[in-house]
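# Coordinate analysis (summary)
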Amino acid sequence: MRPIRDMITSFLHIEVAIALVIAFALGYLVRGTGHQKSHSPPHHSPEEIETALARVPETKWAEINQAIEDRHKLHAIKLLRDASGLGLRESKEAIEAHMQSRHRMRG
């Protein structure tokens, strides 16, 4: 009776080891090594940012200004990102600069 139990236990240890190796291999294939390039857009030069902002139509700026008036800064950033093709950081900085200039004009 003992030899059968020992065989089953030994077999289960091998099975668990194989399952762990397969799980590790699949995880490595799916995730990769972790040394992949970033998915964030490249940073633009100040000239490229100015050019991208100049290409935004006045109707879109009106929509952005309305979002700012309604205190929906995140929506304004998203609108600018969609219209200009800039990244999140650049759009955020552009919206904040735009808000500052609007504030200075009023006050």
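For the structure, see preceding data.
Our next topic: the overall build of the protein chain. A tally of helices and strands in the protein chain yields five helices and zero strands. Reading the helices (α) and strands (β) of the protein chain from amino to carboxyl end gives α-α-α-α-α. Buried residues in the protein chain amount to 20% of all 107 residues. Of the contacts formed within the protein chain by residues at least 6 apart in sequence, a portion of 52% connects residues at least 24 apart. Accessible area for the protein chain stands at about 8,900 Å²; split by element, carbon and sulfur atoms hold 62% of it.

All right, on to the side chain of Ser84 then. Its location among the elements puts Ser84 in helix 4 (residues 73-84). Since its relative accessible area comes to 9%, Ser84 is described here as buried. Reaching out from Ser84, the side chain makes a polar contact with the backbone nitrogen of Leu86 at a distance of 3.2 Å. In this view, Ser84 contacts Ala52, Arg55, Val56 and Ser91; residues no more than four positions away in its chain are not counted.

Our next topic: a nonpolar patch on the surface. Together, Ile14, Ile18, Ile22, Phe24, Leu26, Tyr28, Leu29 and Val30 make up an exposed nonpolar region whose accessible area comes to about 910 Å². Mapped onto the secondary structure, Val30 falls in helix 1 (residues 2-31). Owing to a relative accessible area of 72%, Val30 belongs among the exposed residues under this scheme.

To continue, consider the packing of helix 4 against helix 5 (residues 88-106). Packing of helix 4 against helix 5 leaves a shortest axis separation of 9 Å and a crossing angle of 120 degrees. The angle between the axes of helix 4 and helix 5 places the two elements in the oblique class. Of the two possible hands of crossing, helix 4 and helix 5 adopt the one that is right-handed. In contact with Lys73, Ala76, Ile77, Leu80, Arg81 and Ser84 of helix 4, helix 5 contributes Leu88, Ser91, Lys92, Ala94, Ile95, Glu96 and Met99.

About the cut-offs
Residues numbered from 1 in each chain as written. Predicted model: local features only at pLDDT ≥ 70, side-chain atom pairs only at ≥ 80, totals over all residues. Heavy atoms only, no water. Helix = DSSP H or I, 4+ residues; strand = E, 2+ residues; numbered from the N terminus. Buried < 20%, exposed > 50% of the residue type's maximum accessible area, 1.4 Å probe, protein only. Contact = heavy atoms within 4.5 Å. Areas by Shrake-Rupley, 256 points an atom, 1.4 Å probe, with all protein chains shown as cover. Polar contact = N/O pair within 3.5 Å; in protein donor to acceptor, adjacent residues only side chain to side chain. Patch = residues over 30% accessible without salt bridge, like charges linked within 9 Å, V, L, I, M, F, W, Y side chains within 5 Å. Salt bridge = Lys/Arg side-chain N within 4 Å of Asp/Glu carboxyl O. Axes fitted to C-alpha atoms, helices over the stretch in contact; angles between N-to-C directions. Parallel < 35°, antiparallel > 145°, perpendicular 65-115°, else oblique. Left-handed = near helix turned anticlockwise from the far one by under 90°.

Interpretation in functional terms is not warranted from these geometric data alone.
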